[in-house]
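Residue-level structure breakdown
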Number of protein chains: 2
Amino acid sequence: MSESRAPGSRAQSVYKALRRAIIEQALKPGMKLPEDSIGEQLGVSRTLVREAFGRLAIEGLVEQKPNKGASVAYPTLEEARDVFDVRRGLERLVAETLAGRLTAAQAAELEAHVRLEEKAHGQDGPESIRLSGEFHIKLAEMTGNALLLRYVQESSSRCSLILAIYGRPHSSECAVSEHRQLIEALRAGDAARATELMDHHLRSVVTRALLTPRIERDIRDVLAPYALSEGLTPS
Amino acid sequence: MSESRAPGSRAQSVYKALRRAIIEQALKPGMKLPEDSIGEQLGVSRTLVREAFGRLAIEGLVEQKPNKGASVAYPTLEEARDVFDVRRGLERLVAETLAGRLTAAQAAELEAHVRLEEKAHGQDGPESIRLSGEFHIKLAEMTGNALLLRYVQESSSRCSLILAIYGRPHSSECAVSEHRQLIEALRAGDAARATELMDHHLRSVVTRALLTPRIERDIRDVLAPYALSEGLTPS
DNA sequence: CGTTCAATTATCGTATGCAATAGTGATTAT
DNA sequence: ATAATCACTATTGCATACGATAATTGAACG
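Residues numbered from 1 in each chain as written. Chains lettered and ligands numbered in written order. Predicted model: local features only at pLDDT ≥ 70, side-chain atom pairs only at ≥ 80, totals over all residues.

A few points about the overall build of chain A
Counted only if it meets this: Helix and strand definitions follow DSSP, with helices as H or I runs of at least four residues and strands as E runs of at least two, each counted in order from the N terminus. Partly exposed residues are those falling between the two cut-offs: more than 12 but fewer than 20 other C-beta atoms within 10 Å of their own, whereas 20 or more means buried and 12 or fewer means exposed, with C-beta atoms placed from the backbone. The contact criterion used is a C-beta to C-beta distance within 7 Å, with each C-beta placed from the backbone.
A tally of regular secondary structure across chain A gives 10 helices and three strands. Counted from the first residue to the last, chain A has its helices and strands arranged as α-β-α-α-β-β-α-α-α-α-α-α-α. Going through the 235 residues of chain A one by one, you find that 37% of them count as buried. Sequence-distant contacts, at least 24 apart, represent 72% of the contacts inside chain A between residues at least 6 apart.

The following block contains the structure:
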């Protein structure tokens, strides 16, 4: 009775392990991801690691360059803006779909979740951030739309990566009160208000957590003012 | 001077070939996809075929079952609804993003495209359908949002698959006049009207092209009435 | 001392091989 | 004759192997 797992399950495990490691910043943005050392570490061959890389690359969590292998994605600010924009659009759709269609049990579950968030609000551990994210995932799940859920999950995890790069350290991403208001509007069946709240909520997440609206990653942009002040002329 | 392509390019080629074959219904929904015969046919090994399957599975064009391999996806009507709903949400976002931001060149390109659609409207060849789809892709491209483009492409190709299953044969998916109106609204910068037009447009695509609200794919469901009429009792 | 070029090493891209599982047809027992 | 069983084949899941490309070191040279 050898304890062999279901086939395909190991590839999934590798995928999930890497995904978590990236989102929790154990693997930092830009970090190189050699296939064989990772495979060795996880006890699988390069084949499965590559498979996981493929999925993660599609989701925008890793970048693959030909003959140069994979590395944890380091989104530009432009990509970040794209992701946030799409996420807002998706979650407005979530709100619109859910407005007036929440069962009592679902509403109760959401409120229980918000209470958890409230409790964890004090400590700025990863707990608070995780709960904030899960609230949005829960909402997407409740739509019953599998594709919508997948897209929200994907853009959500990319947002985590982005905030890991550009966000201020201990910002608890979501305001609990805004979550409460949203539940209220969904319950009331006010789709317009719900989508508006969601939109505003996600916008404020960006402005609250994002440091400056413009951080130039390019060395030239960083050095340009210094060069000018010294009378040097960048080529 | 060996004609070796860029690395990773062959995997991409396999992916694109299969994708096209599925969308054009050369590979019909539900059809089994054995790794080695496909690899043999395309001149690559199973490894690359599997890689392509992975991507296609994520995009919902093929289904992978453990130890049973891959087959062309056969979406249920419920999944179809999900896809259309998400696509509507995404394309409303496209319209909203583009409203008032179209350059003159972009508007001209769209109108040229619509003229092509008009010209191809008579013949119900695949040309007409392809052009209809490309209009939406073009719009998504013009947003400059790479993620939005990817999602629109993905949901769009899934819609093709769905219409291949449930759609009536020669329905030219999109009404050209609706495309014209949309361009008009985008040009005028009327975001509300543009999103509304897009929403209505995509809704009417569904109602226009979708055959019956229920086609059962399961053999049991197909055979059940026959069994009954013959006095047989399905277990 | 810095630079360039060559050799080495590390890592990737892809093909192939092997064990395991599901499907298929023959065989046998009832 | 039908149903159950078993052997065989086909196909998958995963690992490994091999050639190719890029990174790196070191040496020779300016």
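Looking at the interface of chain B and chain A
Threshold: Side-chain classes follow a simple rule in which Ala, Val, Leu, Ile, Met, Phe, Trp, Tyr, Cys and Pro form the nonpolar group, Asp, Glu, Lys and Arg form the charged group, and the remainder, Gly included, forms the polar group.
Listed by partner, the interface residues are 21 residues for chain B and 21 residues for chain A. Ranked by residue count, the leading element in the side of chain B that touches chain A is helix α4 (residues 77-98) of chain B, at seven residues. Residue classes in the side of chain B that touches chain A are distributed as 12 nonpolar, five polar and four charged.

Some remarks on the pairing of strand β3 (residues 69-72) of chain A
If a strand is regular, its side chains alternate between the two faces of the sheet. All names here are of chain A. To be explicit about the condition: By the convention used here, strands pair only if DSSP detects at least 2 bridges between them.
Only one face of β3 is buried: it carries Ala70 and Val72, and the other face, with Gly69 and Ser71, is open. In terms of strand pairing, strand β1 (residues 32-33) meets β3 through two bridges, oriented antiparallel. Bridge pairing in β3 links lysine 32 to serine 71. As paired elements, strand β2 (residues 62-65) and β3 share four bridges and run antiparallel to each other. Following the sheet pairing, glutamine 64 is matched in β3 by alanine 70. The hairpin formed by β2 and β3 contains three residues between the paired strands, and asparagine 67 there has a positive phi angle of roughly 60 degrees.

So, the sheet that holds β1 of chain A
All names here are of chain A. Operational definition: Only the stretch in contact is used when a helix axis is fitted, and all axes are lines through C-alpha atoms; the angle between N-to-C directions ranges over 0 to 180 degrees.
Within the open sheet, the three strands sit side by side as β1-β3-β2. Their pairing is antiparallel. Each edge of the open sheet carries a strand with a single partner, namely β1 and β2. This element, helix α3 (residues 46-58), spans β2 and β3 of the sheet and lies at about 110 degrees to β2.

A few points about the nonpolar core
What counts, and what does not: For the purposes of this analysis, a nonpolar core is taken to be any set of buried Ala, Val, Leu, Ile, Met, Phe, Trp, Tyr and Cys residues that are connected through C-beta atoms within 7 Å.
One finds Val94 and Leu148 of chain A together with Val94 and Leu148 of chain B to be the most contacted residues of the largest nonpolar core, which totals 112 residues. Aside from chain neighbours lying at most four places away, what touches valine 94 of chain A is Leu139, Ala140, Thr143, Leu148 and Val152 of chain A.

Overview of the sheet that holds strand β2 (residues 62-65) of chain B
Residue and element names in this part refer to chain B. If you trace the three strands from one edge of the open sheet to the other, you get β1-β3-β2, paired in antiparallel fashion. Edge positions in the open sheet fall to β1 (32-33) and β2, since each of these has one partner strand only. On top of the sheet, helix α3 (residues 46-58) reaches β2 and β3 (69-72); it is set at about 110 degrees to β2, its chief contact.

Observations concerning the domain arrangement of chain A
All names here are of chain A. Using the following cut-off: An automatic or database domain assignment is the source of the domain bounds shown.
The domains assigned to chain A are domain 1 (9-72) and domain 2 (77-209). For domain 1 versus domain 2, the separation of C-alpha centres amounts to 27 Å. Each side of the interface is counted separately: domain 1 has eight residues, and domain 2 has eight residues. Looking at the side of domain 1 that touches domain 2, its residues break down into four nonpolar, two polar and two charged.

Things to note about the relation of the copies chain B and chain A
We count it as follows: We place the copies in one frame by least squares, fitting the C-alpha atoms of every residue whose pLDDT is at least 70 in both.
Superposition record for chain B on chain A: RMSD 0.1 Å, screw rotation 180 degrees, translation along axis 0.1 Å. On this basis, the relationship between the two copies can be described by a two-fold rotation axis. By residue overlap, the copies meet face to face through one surface: 100% of the interface positions of chain B are interface positions in chain A.

Looking at helix α6 (residues 126-142) of chain A
Residues and elements named next belong to chain A. Basically, it comes down to this: To estimate how far a helix should reach, multiply one less than its number of residues by 1.5 Å.
Taking 1.5 Å per residue, 17 residues should reach 24 Å; α6 reaches 24 Å between its end C-alpha atoms and fits that length. Considered for burial, the residues of α6 that qualify are Ser128, Ile129, Leu131, Ser132, Phe135, His136, Leu139, Ala140 and Met142. Tucked into the core, α6 has its buried residues touching α4 (77-98), α5 (104-119), α7 (146-166) and α8 (176-188).

Description of the packing of α4 of chain B against helix α7 (residues 146-166) of chain B
The packing of two helices is summarised by the inter-axis angle and the distance between the axes. All names here are of chain B. Formally: Crossing handedness follows the turn of the near helix against the far one: under a right angle anticlockwise gives a left-handed crossing, and clockwise gives a right-handed one.
Contact geometry for α4 and α7: axes closest at 9 Å, N-to-C directions at 145 degrees. As for the relative orientation of α4 and α7, their crossing is left-handed in sense. Facing Leu77, Ala80, Val83, Phe84, Val86, Arg87, Leu90, Glu91, Leu93 and Val94 of α4, the residues of α7 in contact are Leu148, Tyr151, Val152, Ser155, Ser156, Arg158, Cys159, Ile162 and Tyr166. Of the residues belonging to the contact of α4 with α7, the class tally is 14 nonpolar, two polar and three charged.

What about unusual backbone geometry?
Even without glycine at this site, glutamine 25 of chain A takes up a positive phi of about 65 degrees. On the basis of neighbour counts, which here come to 15 C-beta atoms within 10 Å, the residue glutamine 25 of chain A falls in the partly exposed class. At asparagine 67 of chain B, a position not held by glycine, the phi torsion is positive, near 60 degrees. Mapped onto the secondary structure, asparagine 67 of chain B falls in the loop between β2 and β3. Owing to 7 C-beta atoms within 10 Å, asparagine 67 of chain B belongs among the exposed residues under this scheme.

Remarks on the protein's contact with DNA strand D
To keep it simple, the criterion reads: Whether a residue is near a molecule or strand depends on its C-beta atom, generated from backbone atoms, being within 6 Å of that molecule or strand.
Lining the immediate environment of DNA strand D, one finds 20 residues, of which Pro7, Ser45 and Asn67 of chain A together with Glu35 and Gly69 of chain B sit closest. Put simply, the parts of the chain that give the surface near DNA strand D at least two residues each are α1 (9-23) and α3 of chain A together with α2 (35-42) of chain B. Residues of the surface near DNA strand D, tallied by class, amount to six nonpolar, nine polar and five charged.

Observations concerning the packing of helix α5 (residues 104-119) of chain B against helix α8 (residues 176-188) of chain B
Residues and elements named next belong to chain B. Rules: Note that the term roughly parallel is reserved for angles under 35 degrees, roughly antiparallel for angles over 145, roughly perpendicular for angles of 65 to 115, and oblique for everything else.
Where α5 contacts α8, the two axes come as close as 10 Å, and the packing angle between them is 170 degrees. Taken together, α5 and α8 sit at an angle that is classed as roughly antiparallel. Touching Ala107, Leu110, Glu111, Val114, Glu117 and Glu118 of α5 are Val176, His179, Arg180, Ile183 and Arg187, all from α8. For the contact of α5 with α8, the residue count by class is five nonpolar, one polar and five charged.

Looking at the environment of leucine 182 of chain B
Residues and elements named next belong to chain B. Structurally, leucine 182 can be placed in helix α8. Take leucine 182: there are 27 C-beta atoms within 10 Å of it, and that puts it in the buried class. Taking the C-alpha atoms as reference points, leucine 182 and leucine 102, 80 residues apart in sequence, are found 12 Å from one another.

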